[in-house]
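The lines below spell out each chain.
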Amino acid sequence: DEQRRRFLDRIDTPSKNWKFNEADVTERAYWADYMKAYQSAIRATATADCPWYVIPADDKRTMRLLVSACILKEMQKLNLAFPKLPPEQLANLAHCRELLEKEP
C-alpha cells in the first residue's frame, strides 16, 4: 500500500516524475516471489554469530532508530576496551608529562 501511494505521488507531482520508473509497476506483480526469496536467503545465511536484522523501511525515523539499536546491540557484544600500554610506554608517558609540566 505504501509503495502504491508513493508511485501515485511520483506520477502526480511533477517535481517527482523523474523518480518514477514504469518497470516498477510491472515488478510489483512479483512481490510475493521476492518476499519468499528474501526469507529463504535470510534463513539460509543467518547464524547466531552473524544474524540478519530485517528492518521495515516505510518510516525513515523508525528505520534509523531500529538500525541504531541493532548496531549498538552488536557492538556491545564485542566487549571493546582501550588497549593497555606496556609498563615502558606508561613510564615514557609519565616522563613526557613531567617535561610538559615543567614548561613555563
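This write-up is about the structure you can find in this document. Just so it is clear, the model here is predicted, and its values are computed rather than measured.

What to know about the overall build of the protein chain
Phase 1 of the analysis: In terms of helices and strands, the protein chain carries 5 helices and 0 strands.
Phase 2 of the analysis: Listing the helices and strands of the protein chain from first to last along the sequence gives α-α-α-α-α.
Phase 3 of the analysis: What you see for the protein chain is a C-alpha radius of gyration of 26 Å, clearly larger than the 13 Å of a compact globule of 104 residues, by over 25%.
Phase 4 of the analysis: Once the C-alpha set of the protein chain is aligned to its principal axes, its extents read approximately 75 × 40 × 20 Å.
Phase 5 of the analysis: For the protein chain, the proportion of its 104 residues judged to be buried stands at 2%.

Brief notes about the packing of aromatic side chains
Phase 1 of the analysis: For the structure on display, the rule yields 1 aromatic pair.
Phase 2 of the analysis: The interplanar angle of 90° and the centroid separation of 5.9 Å between the aromatic rings of Phe 7 and Phe 20 together place this pair among those described as edge-to-face. Pair noted here: Phe 7 is in helix H1 (residues 2-12) and Phe 20 is in the loop between H1 and helix H2 (22-27), with a separation of 13 residues, a long-range link.
Phase 3 of the analysis: Residue Phe 7 is classed as buried on the basis of its relative accessible area of 8%.
Phase 4 of the analysis: Here Phe 20 falls in the partly exposed class, since its relative accessible area comes to 25%.

Definitions and cut-offs
Residues numbered from 1 in each chain as written. Predicted model: local features only at pLDDT ≥ 70, side-chain atom pairs only at ≥ 80, totals over all residues. Heavy atoms only, no water. Helix = DSSP H or I, 4+ residues; strand = E, 2+ residues; numbered from the N terminus. Rg over C-alpha atoms; globule rule 2.2 N^0.38 Å. Buried < 20%, exposed > 50% of the residue type's maximum accessible area, 1.4 Å probe, protein only. Phe/Tyr/Trp six-rings, centres within 6.5 Å; stacked < 30°, edge-to-face > 60°.

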